[in-house]
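Structural overview for review
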Amino acid sequence: MSPSKSSSPPSSRVSSLCSTSNSTDHVSITGSSTECCSNVLSSSAPIVLSSFAPTSLPTSTVSPPTSMPLAHSIHTRSKSGFTHPDYPRHVLYAGQSAICKSDTSMFIHRSSSGILILLLYIDDIILTGSHSSLLDHFISHFSRQFVMKDLGDLHYFLGVQAVRSFNGLHIPQQKYISDLLLKFHMHICKPVRTLITSFTSLSIMDGELLSDPNEYKSMVGTLKYLTMTRQDIAYAINIFSLFMYAPHTTHLHCVKRIFKYLHGTITYGLFLRASSSTSFILAYSDADWAGCLDSRRSTMGFAVFLSYNLISWRAKKQPTISKSSGEVEYRAIAYTVAETSWIRNILRDIRLYLRNPVHVLCDNVSSTYMYRNPVFHVRSKHINVNFHYVREKVAQGDLVVRYVPTRLQFANIFTKGLPSSQFSFLRDNPSVMSASPD
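Predicted, not measured: the structure shown is a model, and the values here were computed from it.

1. Quick look at the overall build of the chain
Looking only at helices and strands, one finds nine helices and 22 strands in the chain. In the chain, which comprises 438 residues, the share counted as buried stands at 53%. Considering only contacts in the chain between residues 6 or more positions apart, those separated by 24 or more positions represent 73%. Of the roughly 19,900 Å² that the chain leaves accessible, carbon and sulfur atoms contribute 55%.

Laid out in C-alpha cells, this is it:
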C-alpha cells in the first residue's frame, strides 16, 4: 500500500561538498535523506553537509554569505568567537520554508516542482529532496553565497556508516565498535550470543564496590551512542546506566559481556528498505512488572515500525511504582501511543498520510480489554489519565490495541534478559541485518 498523498521518492544522487574559502568564519552543510529544504547560515565552526538515506543526496561545506535575501530567520545565541559580523545573532535563515511543528530542527520547503527537507542538528545538516533538480538548485543557490567543492558520495556520517544497495540502506556502526573494542582491550575476547543471561536481575549491591569506577563509566557512556542503530543492546544499556553512580564488580563483568556480544555481531545494523510502504504504523509495547530489585519499579519498552522498517524504540524504567501487571502494561501502552502520535504528526508535516489506524500490540489481555470498557473498575481508577488518553485515540479511530502472544512480542527485547534462541529470533527481524543485501 502507498500513502494517499506523498511526494515522489528522493533523488538517487549523493555528493559531498566542502568549503574552499580561506575565511576564518565558515559554515559547512551536509545533505541527507528525508525530504526538505531551507537556506542555512551559521556563525559557528564548520558544519558538515552530508547525505544519510537509502537514496542519494548532496553534501557540502560553505563559508558565510555577504547577503541573503530570505523571508524570516531563526535567532539563537552564537558562541563567542564565531559570530558573523553582519548577522551577529542569526544562526539559520529559512526562506519560504516552514519549521516542522513536531520537530523544530526540521525545515520543510514545498513548491510546485517538489519538496525539500532539511534537518539541523547543532552544526550538522541533513538534506534530501524529491527530485535531483531541486537539490541541484539548492546547491547552485548556495554556490552563489558560499565557496563549495564536491567531495563525492557519502559513506560515513557522525560515526555511523551508510551502505547503500538496490534494496535500501544498511546503517551499521562497525568502525565505532571496532574502536571501542580496541580502546577497552576487548578485541581478542571470545564472542557470546546474548547480552544478559536469561531472566537475570541485578541489584546495586551485587559484588564489591569498584575502587576506580572510571572504566565502568567510560564503557557504559560510549555504548550509549550505539543504541542509535543497535536496538538489541538498548535494554542492557538502560540497566547498567542505573549503576553509574556506584558500580560494583558484578556490574563491570556484565558490561564486559556486552563487548563480547558486540565482538560477535560487529557487522549488525539497522536496515531501511527503500521500497517499503509508508501507509501504516505498527507498534509493540511491553513491560516487566517490578523488575528492579532495589526500587521495585517496572521497565517498559516499545518498538515502532513504519511499514516493515523499525524507526523508533526505547527501554525505560518507569518513574512510579505500579500496583499490578495490568497497570504497568497500560502505562507502557500510553508511552507507546504518545510516541506513535508524534511520528504520525511528523508524517503529516511532510504530507504522508496514514490510511490505517496505528496498531499497538501487547501481550497482556487485561490491558487490551480495559480500553474497550468505559466503566472504570475500582482497581483501575489510579490510571485514569492514561486510560482516557489511550481510549480517546481509539474512539477517534486513530488507534487499535490488540493482543500478541508473548513469543511474538518484539518489545520483550527491551524489558528483560531472554534465552539465546528467543533473543536471536526477536533480534533478527527484517529491519536488522548483519550485512547490506545485494
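So much for the structure itself; the text now carries on.
2. Examining the confidence of the model for the chain
Model confidence for the chain is summarised by a mean pLDDT of 74, while 70% of its residues fall at 70 or above. Segment residues 1-83: pLDDT under 50, and 344 contacts once partners within four positions in sequence are set aside and those in other chains are kept. Taken as a whole, residues 90-96 scores under 50 in pLDDT and shows 38 contacts with residues more than four places along the chain or in a different chain.

3. Section: the pattern of salt bridges
The tally for this structure, following the rule as stated, stands at six salt bridges. The salt bridge partner of Arg230 is Asp232, with a shortest N-O separation of 3.0 Å. Residue Asp232 is classed as buried on the basis of its relative accessible area, which comes to 2%. With a closest N to O distance of 2.8 Å, Arg331 and Glu327 form a salt bridge. Pair noted here: Arg331 and Glu327 are both in helix H6 (residues 325-349), with a separation of four residues, about one helical turn.

4. Let's talk about helix H4 (residues 234-241)
Burial analysis of H4 places seven of its eight residues in the buried class, which makes it a mostly covered element. Listed in full, the buried residues belonging to H4 are Ala234, Tyr235, Ala236, Ile237, Asn238, Ile239 and Phe240. On its buried side, H4 packs onto helix H3 (214-224), helix H5 (249-264), strand S18 (299-306) and strand S19 (309-317).

5. What to know about the side chain of Asn412
One can find Asn412 in the loop between strand S21 (399-403) and helix H9 (420-427). Its relative accessible area of 2% is what places Asn412 among the buried residues. Engagement of the side chain of Asn412 in a polar contact is seen with the backbone oxygen of Thr406, the distance being 3.1 Å. Not counting residues up to four positions away in its chain, the partners in contact with Asn412 are Asp286, Asp363, Thr406, Leu418, Gln422 and Leu426.

Definitions and limits used
Residues numbered from 1 in each chain as written. Predicted model: local features only at pLDDT ≥ 70, side-chain atom pairs only at ≥ 80, totals over all residues. Heavy atoms only, no water. Helix = DSSP H or I, 4+ residues; strand = E, 2+ residues; numbered from the N terminus. Buried < 20%, exposed > 50% of the residue type's maximum accessible area, 1.4 Å probe, protein only. Contact = heavy atoms within 4.5 Å. Areas by Shrake-Rupley, 256 points an atom, 1.4 Å probe, with all protein chains shown as cover. pLDDT = per-residue confidence, 0-100. Salt bridge = Lys/Arg side-chain N within 4 Å of Asp/Glu carboxyl O. Polar contact = N/O pair within 3.5 Å; in protein donor to acceptor, adjacent residues only side chain to side chain.

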